[in-house]
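Summary of structural features
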Amino acid sequence: MPEALDYEPFVLAPRREEPAPLSLIQEEILELKRRRHAVILAHNYQIEPIQRVADHVGDSLGLSYQAAATKADVILFCGVHFMAETAKIVNPGRLVLLPDLEAGCSLADSCPAEQLAAYKASHPGVYVVAYINCSAAVKALSDVICTSGNAVKIVRRVPPDREILFVPDRNLGQWVAKQTGRRLQLWPGSCYAHVLFTVEAIEKVRMQFPDAPVVAHPECVEAVRDLADEVCSTELMVKFAREHPARRIIVVTESGMLHRLRREIPDKTFIAGPTDTCACNDCRYMKMNTLEKVRDALLNLAPAIEIPEEIRQRAFVPIKRMLEWSKV
Ligand code: 13P
Ligand code: SF4
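Residues numbered from 1 in each chain as written. Chains lettered and ligands numbered in written order. Predicted model: local features only at pLDDT ≥ 70, side-chain atom pairs only at ≥ 80, totals over all residues. Heavy atoms only, no water.

With that settled, the discussion passes to the sheet that holds strand E1 (residues 11–12). Strands sit in the order E1-E13-E12-E10-E11 across an open sheet of 5 strands; the sheet is mixed. A single partner strand is all that each edge strand has here, and the edge strands are E1 and strand E11 (230–231). As paired elements, strand E10 (residues 214–216) and E11 share 2 bridges and run parallel to each other. The residue of E11 that forms the bridge with Ala216 is Val231. Sheet strands touched by helix H12 (residues 234–243): E10, E11, strand E12 (248–252) and strand E13 (269–272). Its angle to E12, the strand with the most contacts, is close to 165 degrees. (Pairing = 2+ DSSP bridges. Helix = DSSP H or I, 4+ residues; strand = E, 2+ residues; numbered from the N terminus. Contact = heavy atoms within 4.5 Å. Axes fitted to C-alpha atoms, helices over the stretch in contact; angles between N-to-C directions.)

The next thing to look at is the site of ligand 1. Close to ligand 1 lie His43, Tyr45, Asp59, Ser60, Tyr131, Asn133, Ser148, His194, His217, Glu219, Ser233 and Thr234, which account for all nearby residues. Between His43 and ligand 1, the recorded distance is 2.6 Å, taken from a side-chain N or O atom to an oxygen atom. Thr234 places a polar side-chain atom, nitrogen or oxygen, 2.6 Å from an oxygen atom of ligand 1. Starting from 300 Å² of accessible surface for ligand 1 in isolation, the protein chains cover 96%. Here ligand 1 is seated within the largest cavity. Residues that form the shell around ligand 1 fall into these classes: 2 nonpolar, 8 polar and 2 charged. (Near = heavy atom within 4 Å. Polar contact = N/O pair within 3.5 Å; in protein donor to acceptor, adjacent residues only side chain to side chain. Areas by Shrake-Rupley, 256 points an atom, 1.4 Å probe, with all protein chains shown as cover. 1 Å grid on protein atoms, 1.4 Å probe; cavity = no way out; pocket = protein on both sides within 12 Å on 5 of 7 lines; lining within 4 Å. Sits in = over half its atoms within 2 Å of the grid points. Nonpolar A, V, L, I, M, F, W, Y, C, P; charged D, E, K, R; others polar.)

If you check the shell around ligand 2, you find 13 residues, and the closest are Cys105, Asn133, Cys191, Glu219 and Cys283. Counted by class, the shell around ligand 2 contains 9 nonpolar, 3 polar and 1 charged residues.

One finds Leu116, Val129, Val167, Val251 and Val252 to be the most contacted residues of the largest nonpolar core, which totals 102 residues. For this core, the element with the highest residue contribution is helix H4 (residues 81–90), accounting for 6 residues. If sequence neighbours within four positions are ignored, Val167 has contacts with Cys111, Leu116, Val128, Val129, Ala130, Tyr131, Val138 and Trp187. Grouped together as the second largest cluster of nonpolar side chains are 19 residues, Ile25, Leu30, Leu97 and Leu298 included. (Core = buried A, V, L, I, M, F, W, Y, C linked by side-chain atoms within 4.5 Å. Buried < 20%, exposed > 50% of the residue type's maximum accessible area, 1.4 Å probe, protein only.)

So, on to helix H3 (residues 60–69). Listed as buried for H3 are Ser60, Leu61, Leu63, Ser64 and Ala67. Buried residues of H3 fall within an arc of 165 degrees about the axis and therefore sit on the same side. Looking at the buried side of H3, the elements it contacts are strand E2 (38–43), strand E3 (56–58), strand E4 (74–78), H4 and helix H15 (309–327). (Arc of directions from axis to C-beta.)

In terms of burial, H4 is a largely internal element, 9 of the 10 residues being buried. All of the buried residues along H4 are Phe82, Met83, Ala84, Glu85, Thr86, Ala87, Lys88, Ile89 and Val90. Buried residues belonging to H4 abut E2, H3, E4, strand E5 (95–97), helix H7 (136–139) and H15.

Structure representation (structure tokens):
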């Protein structure tokens, strides 16, 4: 029997009251957004005050479709660098802003383009499936991109006679290999935040909420994925939580997700997946964006994402392939 948690779990109880009115800075952002003909795209891991001023809040896949479809002059991407870069790759003529250019991603960093190029040179003919959490230069070396929301579907579309290299997340890759039955060579990368969730800590929370199913992100390690009732992208977590009859759900991913869930499903209770030392888990990169930086980005029309045109054009090919394969 696991011992009890030595810290209080992080719980968002059903929302009974109306959300607080927008603050002055949030109103200022909305006004600037109108003036700049901008669209604000925010990932599910952004802080709640940013999610509230966004036009679209979603996962990497949903936001890629939104970026591809927008007619706005300016795209302000509240997420991390590779997400804003993806928006720029599909929108070379639009200004794409990221509130903090330092908002990177440990997964993207784990696969430098030069190392991937060297691997390809020594394994000619390998088919590269790249998780969207990678740089534009890595996308330019890839055959198709995937997100956690469509990875299984994308890998199933790869011609069966091709040897596949899956970069950069070995955990998502392992999970996809299991779902599809395809042998994948896995790049040894991982998300520093998702690998912190442990079976031991989750079991302790389960003792307190025995009726609550566990939903986990595929970037978690295998032992955590194996104990989960459902493994899916952040967007599919909303669907899972809405459709599952349980009133309480344990959510094993970055804590910003709980705010999205509570806004969409206000009558349920959401419990954050814990690590061994913490009741919930933030991505330090996602949390670099603040309301002040969002406002300043719209005010100054900076910092902007720039990509060398030759790389952008090559990176566009596997993204376009993903958007097409994912639709059907
Ligand atoms: P999703 O596409 O599932 O939102 O995941 C993005 C991400 O960075 C997870 O860490
Ligand atoms: Fe990257 Fe992990 Fe942060 Fe997602 S949670 S952006 S994979 S570091």
